[in-house]
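Residues per chain, in single letters:
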Amino acid sequence: MRKGNVFVYYGKGKGKTSLAIGRGIHELSQGHSVIMVRFMGCDNKTEIEPLKKLEPDFRVFCFEKTRDFVDETDECVKKEISNEIGVSFTFTKKILETGECDILILNSILDAVEGGYISAEELQCALCKRASYMDVILTGEKISNEILQCANFVYALSAEKEEQ
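Each chain carries its own residue numbering, running from 1 in the written order of its sequence. Where totals are concerned, whole chains, interfaces and linings use all residues; where local detail is concerned, this predicted model gives features only for residues with pLDDT of at least 70, and gives and counts side-chain atom pairs only at 80 or more. The basis for every side-chain value is the complete set of heavy atoms in the structure, and neither hydrogens nor water enter the calculation.

**Student:** Quick one: what's the story with the overall build of the chain, residue by residue and with numbers?
**Tutor:** What the chain contains, in helices and strands, is five helices and six strands. Strands are runs of DSSP state E lasting at least two residues, helices are runs of H or I lasting at least four, and both sets are numbered from the N terminus onward. Secondary structure elements of the chain occur, N-terminal to C-terminal, as β-α-β-β-α-β-α-α-β-α-β. Computation of the radius of gyration draws on C-alpha atoms alone. For the globule rule, the value is 2.2 Å times the number of residues to the power 0.38. Taking 15 Å as the expected radius of gyration for a compact globule of 164 residues, we find that the chain reaches 15 Å, a close match to that expectation. For the C-alpha atoms alone, the extent of the chain along its principal axes is close to 50 × 35 × 30 Å. Burial here depends on accessible area, computed with a 1.4 Å probe over protein chains only, as a share of the maximum for the residue type. Under 20% is buried, over 50% is exposed, and the range in between is partly exposed. Here the chain holds 164 residues, and 40% of them are scored as buried. Every residue pair with non-hydrogen atoms within 4.5 Å of one another is taken to be in contact. Considering only contacts within the chain whose residues lie at least 6 apart along the sequence, 77% involve residues at least 24 apart.

**Student:** Let's hear about the sheet that holds strand β1 (residues 6-10): which residues, and what values?
**Tutor:** Two orientations exist for strands paired in a sheet by backbone hydrogen bonds: parallel and antiparallel. Two strands qualify as a pair provided that DSSP identifies no fewer than 2 bridges between them. The parallel open sheet is built from six strands, whose spatial order is β3-β2-β4-β5-β1-β6. Looking at the sheet topology across the chains shown, the edges are occupied by β3 (58-62) and β6 (153-156). Averaged over all pairs of adjacent strands, the angle between strand axes in this sheet comes to 15°, irrespective of strand direction. Relative to β3, strand β2 (residues 34-38) runs parallel, the two sharing five bridges. To get an axis, a line is fitted to the C-alpha atoms, and for a helix only the part in contact is used. The angle between two axes follows their N-to-C directions and goes from 0 to 180 degrees.

**Student:** Requested: an account of the nonpolar core, with residues and values cited.
**Tutor:** By size, the foremost hydrophobic cluster in this structure holds 30 residues, and its most contacted members are Phe39, Leu104, Ile118, Leu123 and Leu138. At six residues, the largest contribution of residues to this core is made by helix α2 (residues 75-98). Excluding its chain neighbours within four sequence positions, the residues that come into contact with Phe39 are Glu64, Ile85, Ser88, Phe89, Thr92, Leu106, Asn107, Ser108, Ile109, Ala112 and Ile118. With 13 residues, the next largest nonpolar core counts Tyr9, Ile21, Leu28 and Ile103 among its residues. Only buried residues count toward a nonpolar core, which is a set of Ala, Val, Leu, Ile, Met, Phe, Trp, Tyr and Cys residues joined through side-chain atoms within 4.5 Å.

**Student:** Tell me about the environment of Leu138, and please be specific about residues and values.
**Tutor:** Take Leu138: it is sitting in strand β5 (residues 135-140). Exposure remark for Leu138: the relative accessible area of 0% places this residue in the buried category. Each C-alpha atom of the pair Leu138 and Asn107 lies 6.1 Å from the other, and the pair is 31 residues apart in sequence. In this structure, Leu138 is in contact with Val6, Phe7, Val8, Tyr9, Leu106, Ile109, Leu110, Leu123, Leu127 and Ile147, ignoring residues within four places of it in sequence.

**Student:** Which residues make up unusual backbone geometry, and what values go with them?
**Tutor:** Backbone torsion omega between Glu55 and Pro56 reads 10°, so that peptide bond is classified as cis. In this structure, Pro56 sits in the loop between β2 and β3. The phi dihedral of Ser108 is positive, around 65°, even though this residue is not glycine. Residue position: Ser108 is located in the loop between β4 (103-107) and α3 (109-114).

As structure tokens, then:
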């Protein structure tokens with residue numbers, strides 16, 4: 001039986017989502033099913049649109065509204081985002097517990113933790129309840145010590161040069 005692991009791709013700049021998707025496509029080619037749940041910004045469709053061709057074996061979910069601009073001081077907007085992320089996380093916990101897929105990509109979930117929408121302890125607890133064969137990939141800019149402790153593989157991505 002396959003043993004699942006927790007992978008973390010974090011750092012500033014680009015590449016984390018692409019790396020996670022690439023890993024998902026590789027696993028798909030090995031006969032595994034993939035689900036991706038997007039947190040914190042569902043407006044970037046460039047990487048996601050082509051994945052629709054891979055359904056039902058590679059499914060992508062986003063429960064947040066697309067927003068052109070987010071006013072960080074607007075309490076109504078913050079509450080809306082918090083509710084949407086709550087729905088995403090509830091959905092994520094269900095997938096972790098039921099083992100609905102072999103690979104679960106939680107895109108930008110570390111940013112939701114950093115933003116205070118999900119606690120690191122809640123995420124750590126959810127990861128502990130995952131199906132034993134399931135790989136989980138977490139992405140975001142920063143990683144907390146709690147998440148670092150439950151990860152099997154951690155990759156810090158950094159750009160040595162970025163075109164401007």
